[in-house]
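Tertiary structure, described
The chain contents come next:
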Amino acid sequence: MRKHYLFWMILLLPFFKLDAQTYCTPTTGTSTTYYLKNAIFSDQGAFYYDASSHQAYVNNSATQTVTSYPGGTVKVHMEFGGGGTKALVWVDWNNNGDFNDFYENPIGISVYSTVDDQFFIPPAQAPGIYRIRVQTGTNLSATSNPCGPNTNGNFVDFSLKIDPTPACFVPT
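In what follows, the accompanying structure is described. (Residues numbered from 1 in each chain as written. Predicted model: local features only at pLDDT ≥ 70, side-chain atom pairs only at ≥ 80, totals over all residues. Heavy atoms only, no water.)

Counting its secondary structure elements, the protein contains one helix and nine strands. Residues classed as buried in the protein amount to 41% of the 172 residues present. Considering only intrachain contacts with a sequence separation of at least 6, the fraction spanning at least 24 residues in the protein is 73%. (Helix = DSSP H or I, 4+ residues; strand = E, 2+ residues; numbered from the N terminus. Buried < 20%, exposed > 50% of the residue type's maximum accessible area, 1.4 Å probe, protein only. Contact = heavy atoms within 4.5 Å.)

Right under this line is the structure:
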């Protein structure tokens, strides 16, 4: 029996897609003044991000994760290098490699140079790991693209881990 199973696995394995999800690498300009300097994303588990200088694109999705649950609230605090910097936040809720679907831009263009905001986890969101992308800059619009171009700012990626709804919540 095992020989038959092994035979079918070897025969069918090349037809299964085993690649990890790929995201666009955002394009940015040459301005090094405007960037995400500090960030705190928190709910049931938090992460803290600090940058001392501009980097056009930083992918922290493997190392920095905020944890929440379906129906939870993620609090967001961001500070920027350079006055007049604004930000947008995207979450790829369906893990399809883009940020184009409904509610994948839960925090629109910030009004102030410091962001204190929050976004909600959809109540029916499946447990798993999702990508968060932050775009900073001075010339952002409602039609800004999470892949760029971005002439005055940068992009930073993080992860959002959705756990099953807890039986007992963390005290506040």
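What follows is about the side chain of T136. Relative to the helices and strands, T136 resides in strand β8 (residues 128-137). Judged by its relative accessible area of 0%, T136 falls in the buried class. Among residues more than four places away in sequence, those in contact with T136 are Y34, Y35, L36, F80, T85, K86, A87, N150, N152, G153 and N154.

Within the secondary structure, N139 sits in the loop between β8 and β9 (155-162). Sequence separation between N139 and T151 is 12 residues, and the spatial gap between their C-alpha atoms is 7.9 Å. Here N139 is in contact with T151 and N152, once residues within four sequence places are set aside.

Moving on, we come to the sheet that holds strand β2 (residues 47-50). If you trace the four strands from one edge of the open sheet to the other, you get β2-β1-β5-β7, paired in antiparallel fashion. Of all the strands in the sheet, just β2 and β7 (114-120) have a single pairing partner and so form its edges. For this sheet, the mean inter-axis angle between neighbouring strands, taken without regard to orientation, is 15°. Here seven bridges tie strand β1 (residues 35-42) to strand β5 (residues 73-81), and the two strands are oriented antiparallel to one another. From the neighbouring strand, Y35 faces β5, where its bridge partner is G81. (Pairing = 2+ DSSP bridges. Axes fitted to C-alpha atoms, helices over the stretch in contact; angles between N-to-C directions.)

This brings us to the pattern of salt bridges. A full pass over the atoms with the stated rule returns three salt bridges. The salt bridge partner of D157 is R131, with a shortest N-O separation of 2.7 Å. With a gap of 26 residues between them, D157 in strand β9 and R131 in strand β8 connect regions that are remote in the sequence. With relative accessibility at 0%, the residue D157 sits in the buried group. K161 is paired through a salt bridge with D163; the nearest N and O atoms lie 3.4 Å apart. (Salt bridge = Lys/Arg side-chain N within 4 Å of Asp/Glu carboxyl O.)

Turning to the packing of aromatic side chains, a few remarks are in order. The tally for this structure, following the rule as stated, stands at eight aromatic pairs. With 5.5 Å between their ring centres and 75° between their planes, Y49 and F158 make a pair best called edge-to-face. Highlighted residues: Y49 in strand β2 and F158 in strand β9, separated in sequence by 109 residues. Side by side, Y49 and F158 carry an identical accessibility label, which is buried. (Phe/Tyr/Trp six-rings, centres within 6.5 Å; stacked < 30°, edge-to-face > 60°.)

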